[in-house]
Structure formats: C-alpha cells, structure tokens
Amino acid sequence: MRFVCSIAALLCLTLVAGCGSQSTRPGEIAEGSPYPTSGSATVTGDFAGYPGVEPFIRRMQQQGFAPNQVAAVLSGAKREQWILDAMDRQAPRPSTGPTGAWIRYRAKFLTPENIANGVRFWQQNEAALNRASSRYGVPPEYIVAIIGVETRYGGYVGKTRIVDALATLAFAYPRRADYFSGELASFLVMTKEEGIDPFGPRGSFAGAMGLGQFMPSSFRDYAVDFDGDRHRNLWNPADAIGSVANYFKSHGWQAGVPVAVRANVQSPSAARAMKSGFDTRYGLSELAGRGIVPAGNLGGATQVSLLEFDVGTGYAYWLGSQNFYTITRYNHSSYYAMAVHQLARAIAERKGS
C-alpha cells in the first residue's frame, strides 16, 4: 500500500515470487538491539560508492543511527537487477477502446478458490475480525478481501529480502529514489523499534510486507498490536487484521455506507464523455441531469465518484462512495478497489453473513 507501483499490477509477479505465510516475526532478536555497536562506517559490497549512500547515512544519523550501524546494513544488502527490470515493466499501456480489461482483471481475484479460502480465513480468525470491525467500523469481509487480494490470505507474502528491495530501489532506481529512500529509512527505524534483524523480513520486490503488504512507512503509521503481545507483527493474522482495519478507518472509512452501486445510464456515449475515476466527485442531482442514476441504495451519500469499467462489449458504470475512495488509498486504482469490493461481497454471501 501507498507505494509507487500498483499492488495489483505486481500481483502476478508477487505470486510467482511468493512463499507461505508465517505467524512469527521474521528475524526477531531475543534481547537487545539488532544493530551493531561497533564496526566500520564505510559501506562495502554492492552499494559501495553509490551517490545516494552518504546522504542516506547522514539522514539516518538524524534519526539516532550511528554511521557504522547504517553502513553494516547497506554493506550486507544486495543489488537485485531483476527488481529494476520488474519496476520498468509497470509502465501503463494506453487503451484504444473496450478490450475487456475489467473482465480479465476481475477474473484474477474472483475465483471459486479465492472465495472459498476467504470464507475459511474468516472462520479461522472470526474473533479478531469481529473485534476489528467493532473497533474500527470496517465490515469483516472487506478486511478479508484486502488480505485475499494482496497475499491470498497469507499464502504469498513474498520471498524477497525487504532490505535488498528497498536498497536497490533507493540507490539504483533514480526515477523514484526519493520515495524508496524514505521507505528504507522507515524500514530501518521499524526494525530497530521492533527488535528485528533488518536482514530477516521478506516480502514483495517493492518492499511491501506481511499479510496486508504494508510498506514500512505505513507500518509505522498504521500497524497495530492487535493480539496484545506488545509487538506489531504483520505476518501474524490478528495484527494484520487490526492494521488493515485501522488503515481504512484512518483514511476515512464510514461505517454503514455502501462501497459502490451500479449506475443506470441513459446515454452511454454521454457517460463516456464525462470524467470518470475514483477521484471524481459528482452530486447525485448533477448525474441525474445527465441521465445517470444509482441502481441501489447509497446510504445517504450525496457526493459520489463515477466509475467506468471496460467490459469488452462497452463500458459498465458504477457510483462509488467515500468508502470506495478509501479502498483506493490502499492502491490508487478503481479496478483494484472494485475487485476488493466484489470479492468482499462474494465472501460474505458464501459465508452467509
């Protein structure tokens, strides 16, 4: 979440590079700090001499790290060319008309297996999900669906060392160096605060971690200790559940408001001419004047986004509430948010909730 590449765009690669989920904290240090108290402040290895290294060490000094501590981590990190290649493949492709993109995208997530596994995950973690829903106002099925879309309920959390991913992108990917340098800084602070060996955590090749695929900055801002063990562990289902719910609540989730409803469209060509997307805002009266009306209850919402989905034979239109927008704070994509919404509804229906 909150990172430069679309999680869903990376999902196929993440699945290929995935590994089984784990409930223990990776690289946990039993006592003391995971960082050395002595040693050289000179960086050796793959990142020696990179222009961003020395400024990064100075930056971390301002956050309480000795130069030798940062140098020890960077000297042990590996530059992974395949990560740079994968990032370059994420460039958006222009669309020339309806090609069925939404149908193909949806099919990746709304499978019988994924729905059944979502029900199973819900049943196995029902107490934590009910508690998170009560505390944060987010229905359990949406928490489950996020974890399902991100990691197949913890089945594919990624096997790339986070320190390698973030160092590679911070120092060898100039286009987004500032962003990933910030994430690397957050990662080092996170591991120090949580008593974790910085070489232990593994996740996606963009640096996302755990069942909910939090980036390090999101971990620091939104991860919660939901099982009471005084650690925030996103590889643990309870902490991941609480953290996803807290993220949604912190980004404006409104309890009891529908996420999206279908739109009845009088003139498809007129709708096509309008600006659409999760970041649009239209009053219902304005839309009605253009022949677009909700086909269901919007729970009192008066401002909605107009959402357009390529279904091959044309375009389908939906109206999104604030809660739809909140889901896009996890991944800035209308397709992503709609996949989460529809998977959530399918899981709830299958479970009978």
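One can find the structure itself at the top, above this paragraph.
Just so it is clear, the model here is predicted, and its values are computed rather than measured.

Student: Any chance you could break down the packing of aromatic side chains for me, citing the residues and the numbers?
Tutor: Applying the stated rule across the entire model yields 21 aromatic pairs. Ring geometry for F278 versus Y325: centroids 6.2 Å apart, planes at 45°, classification tilted. Placement of F278 in the loop between α13 (268–273) and β4 (282–283) and of Y325 in helix α15 (residues 322–328) is noted, with a sequence separation of 47 residues between them. For F278, a relative accessible area of 16% gives the class buried. Within the aromatic cluster, the residues linked to one another by ring pairs are Y142, F214, Y222, Y247, F248, W253 and Y330. The ring of W122 has K351 sitting right over it, with the charged end atom 4.7 Å from the ring centre.

Student: Tell me about the packing of helix α2 (residues 53–61) against helix α3 (residues 67–76), and name the residues and values.
Tutor: For the pair α2 and α3, interaxial distance at closest approach is 9 Å and the crossing angle is 135°. By the angle between their directions, the pair α2 and α3 is classed as oblique. With respect to the hand of their crossing, α2 and α3 are arranged in right-handed fashion. Residues V53, F56, I57, M60 and Q61 of α2 form the contact with α3, whose participating residues are P67, V70 and L74. Of the residues in the contact of α2 with α3, the class split is seven nonpolar, one polar and no charged.

Student: With reference to specific residues and values, describe the sheet that holds strand β6 (residues 303–310).
Tutor: Consider a sheet: its strands pair through backbone hydrogen bonds, and that pairing is either parallel or antiparallel. One open sheet accounts for five strands, arranged β4-β6-β7-β3-β5; its pairing is antiparallel. Two strands in the sheet have a free side with no partner beyond their single neighbour: β4 and β5 (292–294). Looking at chain direction, β6 and strand β7 (residues 315–320) are connected through six bridges and run antiparallel. Bridge pairing in β7 links S305 to G320. Contacting β3 (260–265), β6 and β7, helix α16 (residues 334–351) crosses the sheet at an angle of about 95° to β6.

Student: A description of the side chain of S186 should follow, citing residues and the corresponding values.
Tutor: With respect to the helices and strands, S186 occurs in helix α10 (residues 177–194). Relative accessible area serves as the criterion here: at 13%, S186 is assigned to the buried category. Leaving out residues up to four positions away in the same chain, S186 has contacts with P216, S217 and R220.

Student: Describe the packing of α2 against α10, naming the residues involved and giving the relevant values.
Tutor: Interaxial distance between α2 and α10 falls to 11 Å at its minimum, and their mutual angle equals 45°. Relative to α10, the element α2 lies oblique. Between α2 and α10 lies a crossing whose hand is right-handed. Every residue of α10 that contacts α2 at F56, R59 and M60 is listed here: S181, G182, L184, A185, L188 and V189. A breakdown of the residues in the contact of α2 with α10 according to their chemical character gives six nonpolar, two polar and one charged.

Student: If you had to explain the pairing of β6 to someone new, which residues and values would you point to?
Tutor: When you tally the buried positions in β6, you get seven out of eight residues, the bulk of the element. Pairing geometry for β4 and β6, over two bridges, is antiparallel. Residue G283 lies in a different strand from β6, and its bridge partner there is Q303. Here β6 folds back onto β7 in antiparallel fashion, the turn holding four residues, of which G312 has a positive phi close to 90°.

Student: I'd like a description of the pairing of β7, backed by residues and values.
Tutor: Looking along a regular strand, one sees side chains alternate from face to face of the sheet. Of all the six residues making up β7, five are buried; the element is thus mostly covered by neighbouring parts of the structure. With three bridges joining them, β3 and β7 adopt antiparallel strand pairing. In the strand pairing of β7, V261 is matched with L319.

Student: Now, about the pattern of salt bridges: what can you tell me, with residues and values included?
Tutor: One pass over the structure, following the stated rule, counts eight salt bridges. A salt bridge links K351 to E126; the shortest N-O distance between them is 3.0 Å. With K351 in helix α16 and E126 in helix α7 (residues 126–136), this residue pair connects regions lying 225 residues apart in the sequence. E286 serves as the salt-bridge partner of R290, at 3.3 Å between the closest nitrogen and oxygen. Here the salt bridges do not stand alone but share partners, grouping E193, E194, R220 and R232 into one network.

Cut-offs applied
Residues numbered from 1 in each chain as written. Predicted model: local features only at pLDDT ≥ 70, side-chain atom pairs only at ≥ 80, totals over all residues. Heavy atoms only, no water. Phe/Tyr/Trp six-rings, centres within 6.5 Å; stacked < 30°, edge-to-face > 60°. Helix = DSSP H or I, 4+ residues; strand = E, 2+ residues; numbered from the N terminus. Buried < 20%, exposed > 50% of the residue type's maximum accessible area, 1.4 Å probe, protein only. Lys NZ or Arg CZ within 6 Å of the ring centre and 35° of its normal. Axes fitted to C-alpha atoms, helices over the stretch in contact; angles between N-to-C directions. Parallel < 35°, antiparallel > 145°, perpendicular 65-115°, else oblique. Left-handed = near helix turned anticlockwise from the far one by under 90°. Contact = heavy atoms within 4.5 Å. Nonpolar A, V, L, I, M, F, W, Y, C, P; charged D, E, K, R; others polar. Pairing = 2+ DSSP bridges. Salt bridge = Lys/Arg side-chain N within 4 Å of Asp/Glu carboxyl O.

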